[in-house]
Amino acid sequence: MIRCEGLGWTPGGTTVLDDITLEIARGEAFGLIGPSGGGKSSLIRILDLLVQPTRGRLWIGGDEVAWGSPEIVALRRRMAMVFQRPVAFRMNVAENVAYGLALRGVPRAERRARVADALELVGLDGFEDRRASTLSGGELQRVSIARCLVTDPGVLFLDEPTANLDPVSTSVIEEVVAGLRRDRGITVVMTTHNLEQGQRLCDRLAVMAGGRLVQVGTPLELFYRPMSIAVAQFVGAENLVPGVVEQMDRGVAFVRIGPQATLAVAVHAPVAGEVTVAIRPEEIVLAKGDACRQATANHLHGRVTAIDSEGPLVRVVLDCGFPLVALIRRLSYLQLGLEPGTVVCAEFDPNGAHLIARA
Amino acid sequence: MSEIVEGFLQAIDLIVSLDPEVMEITLRTLSISLSSTLLATAIALPAGGLIASREFPGKRGLLYLIQTLYSLPTVIVGLLLFLLISSSGPFGELGLLFTSTGMIIGQSLLILPILVGLTIAALSAVDPLIRDTLASLGGTGRQQVFGLLREARYAILAAVALGFGRAISEVGVAIMIGGNIRGYTRVLTTAISLETSMGNLSLSIALGIILLAIALVVNAGVNLLQGGGRA
């Protein structure tokens, strides 16, 4: 559906995007994630043909984009984009939603029916005559989505669609987006800095940083097999422990991380040399004292140095010779009676860690 | 002092009794100034839209020039147009001198810079995301400019009102191009100027009150529309 090769954008000599090559299939939900300033919004604006890239080629639905030609308008009409900050025209809701149809010369009677359908889809039926300027941010964003859907686009772009919205509007919008893919087979391309949202809504995610695609894969691949330290940090694999592979044995690498400590990590291919062990905090189980529970797991002994609440979970920082973060359930925390200074054993399964080769 | 009070009372009488000459001058004035405002608006909207939506070398200089022309002296416009349409000028054959058509052209030229400049300013004040939204929804170039003008309609309306105010209150073009011919090209401002010099203070005051009343009505109308637009 969308393919680009070697896209680069350097407005005024500043490199914003560099060598972007990717392919998004018809009906796929594709997410661009990564820290702010990584180039996500710039890329999505180029894909929606709002900005002309400095370099590279772009195909939409099999046709190569001819920048500056009148065909651009026809191509744009097959797509739609929801912007991060919702804007409305100085009109009522129905006129706002119908705008794209009016531009396409759709007769008034047909417009009315399609607007009603689109508003119902985003849960704003009955809002037709409200002035757009009286709506809340969440309602306005839903109007923007209805304005996009009413034209029946083949591709829907969403640029951080829920970045500044309340949880209720966010979940309504997420449901609408998920429903679109399920019921209409629309190709969805979205940017988000919210990993969980990316995981919930997208088939594949691309991590962007410094204007480049750092890694593209399914959410699980990114979460459990980050290919670089930057990606590992972004997807929340907080514990990054440097070490050296000592030996390989039937799919398990033994990594020396200190004079006495060795970790076993499951790998899919042989590795050697210097590596970083990435361990997700929620994969770590704590036991009090020296009483480690599972013989097969990795064991690390340490002392609690800090305890923080993180929603329903508790974040425990240990000193194991290096800082190690564990995320445990509140009940476990209470049962263990942890406090700063408590000696604990941290365990994690060889499958709960991942090796990143160090260049 | 008593002369002024007396003039004022007579003026009220002239207005209330719908004096034929006062009415005739007033209607002609409205017709000429409205026509010139419409003509200038018809040129200024597309021109302003084009300038605002494009980037080109010399744009800054052009904007500077337009702003300078806001305070174009009316007599300069009168003089330039006179040179162009007087019988020896290049457009002399059109016979526009001392006609209301000539006055309409002159007033349009006079207020065109204000209308173009304020249209550009109004469009520049529109949220840039509106422009992106218009493009993303599949608007052609023309549809995008139209959409932006529509978003800026209240600011543009204020600009049009300002232009009308300048057109209806100017004397230079009206007298140099129109010639203040009674029953033909005489308008409120030229009539006030003539009647005052002839000592007909009451007529002058009556015409002055009408001129102010027109300005008041136009302003109130614009305010009403803009207030409605904000809700």
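Here, every reference points to the structure presented above.
Attention in this report is confined to the structure presented alongside it. Note that this is a predicted model, so its numbers are computed, not measured. (Residues numbered from 1 in each chain as written. Chains lettered and ligands numbered in written order. Predicted model: local features only at pLDDT ≥ 70, side-chain atom pairs only at ≥ 80, totals over all residues. Heavy atoms only, no water.)

## What to know about the overall build of chain B
For chain B, the helix and strand inventory stands at 11 helices and zero strands. Once the C-alpha set of chain B is aligned to its principal axes, its extents read approximately 65 × 50 × 25 Å. Buried positions account for 45% of the 231 residues belonging to chain B. In chain B, of all internal contacts separated by at least 6 residues, the share reaching a separation of at least 24 is 75%. Entry remark: accessible area of chain B is about 11700 Å², with carbon and sulfur atoms responsible for 70%. (Helix = DSSP H or I, 4+ residues; strand = E, 2+ residues; numbered from the N terminus. Buried < 20%, exposed > 50% of the residue type's maximum accessible area, 1.4 Å probe, protein only. Contact = heavy atoms within 4.5 Å. Areas by Shrake-Rupley, 256 points an atom, 1.4 Å probe, with all protein chains shown as cover.)

## Quick look at the environment of Thr189 of chain B
All names here are of chain B. With respect to the secondary-structure elements, Thr189 resides in helix H10 (residues 188–197). Remark: the alpha-carbon pair of Thr189 and Ala206, spanning 17 residues in sequence, is separated by 12 Å. In this view, Thr189 contacts Ile168, Ser169, Glu170, Val171, Ala174 and Leu211; residues no more than four positions away in its chain are not counted. A polar atom in the side chain of Thr189 sits 3.0 Å from the backbone oxygen of Glu170. (Polar contact = N/O pair within 3.5 Å; in protein donor to acceptor, adjacent residues only side chain to side chain.)

## Some points on the sheet that holds strand S19 (residues 343–348) of chain A
Residue and element names in this part refer to chain A. The strand order across the open sheet built from five strands is S15-S19-S16-S17-S18, with neighbouring strands paired in antiparallel fashion. Each edge of the open sheet carries a strand with a single partner, namely strand S15 (285–288) and strand S18 (323–329). With direction set aside, neighbouring strand axes in the sheet form an average angle of 45 degrees. Taken together, the four bridges between S15 and S19 define a ladder with antiparallel strand orientation. The residue of S19 that forms the bridge with Lys288 is Val344. (Pairing = 2+ DSSP bridges. Axes fitted to C-alpha atoms, helices over the stretch in contact; angles between N-to-C directions.)

## What about the nonpolar core?
Generally speaking, a soluble globular protein has its nonpolar side chains buried in company with each other. Counting residues in each nonpolar core, the largest one holds 69 residues, and the members touching the most others are Ile2, Ile20, Leu43, Leu58, Phe157 and Val189 of chain A. In terms of residue count, the dominant contributor to this core is helix H5 (residues 100–124) of chain B (eight residues). Leaving out residues up to four positions away in the same chain, Phe157 of chain A has contacts with Ile2, Ile44, Leu47, Asp48, Met79, Ala80, Met81, Val82 and Val189 of chain A. Judged by nonpolar contacts, the second largest core, of 44 residues, contains Val97, Leu119, Leu124 and Val143 of chain A. (Core = buried A, V, L, I, M, F, W, Y, C linked by side-chain atoms within 4.5 Å.)

## Quick word on the pattern of salt bridges
Scanning the model with the defined rule gives 21 salt bridges over all chains in all. A salt bridge links Asp127 of chain B to Arg85 of chain A; the nearest nitrogen and oxygen atoms lie 2.8 Å apart. Residue Asp127 of chain B is located in the loop between H5 and helix H6 (128–136), and its partner Arg85 of chain A is located in the loop between strand S6 (79–82) and helix H3 (93–103); the two belong to separate chains. By relative accessible area, which is 45% here, Arg85 of chain A ends up partly exposed. Between Glu174 of chain A and Arg200 of chain A there is a salt bridge, with the nearest N and O atoms lying 2.8 Å from each other. Here Arg200 of chain A lies in helix H7 (residues 195–201) and Glu174 of chain A lies in helix H6 (residues 167–184), a separation of 26 residues in the sequence. Taken together, the shared-partner salt bridges connect Asp18, Arg55 and Arg212 of chain A into one network. (Salt bridge = Lys/Arg side-chain N within 4 Å of Asp/Glu carboxyl O.)

## Remarks on the interface of chain A and chain B
Chain A puts 23 residues into the contact, and the matching count from chain B is 21 residues. With both chains or domains summed, chain A and chain B bury close to 2000 Å², and 54% of this area falls on carbon and sulfur atoms. The three residues of chain A that bury the most area against chain B are Phe89, Arg90 and Leu103 of chain A, which together make up 31% of that side's buried surface. Joining chain A to chain B, the criterion identifies two salt bridges. In this structure, Asp132 of chain B engages Arg45 of chain A in a salt bridge whose closest nitrogen and oxygen atoms are separated by 3.0 Å. (Buried area = accessible area lost by both parts, 1.4 Å probe.)

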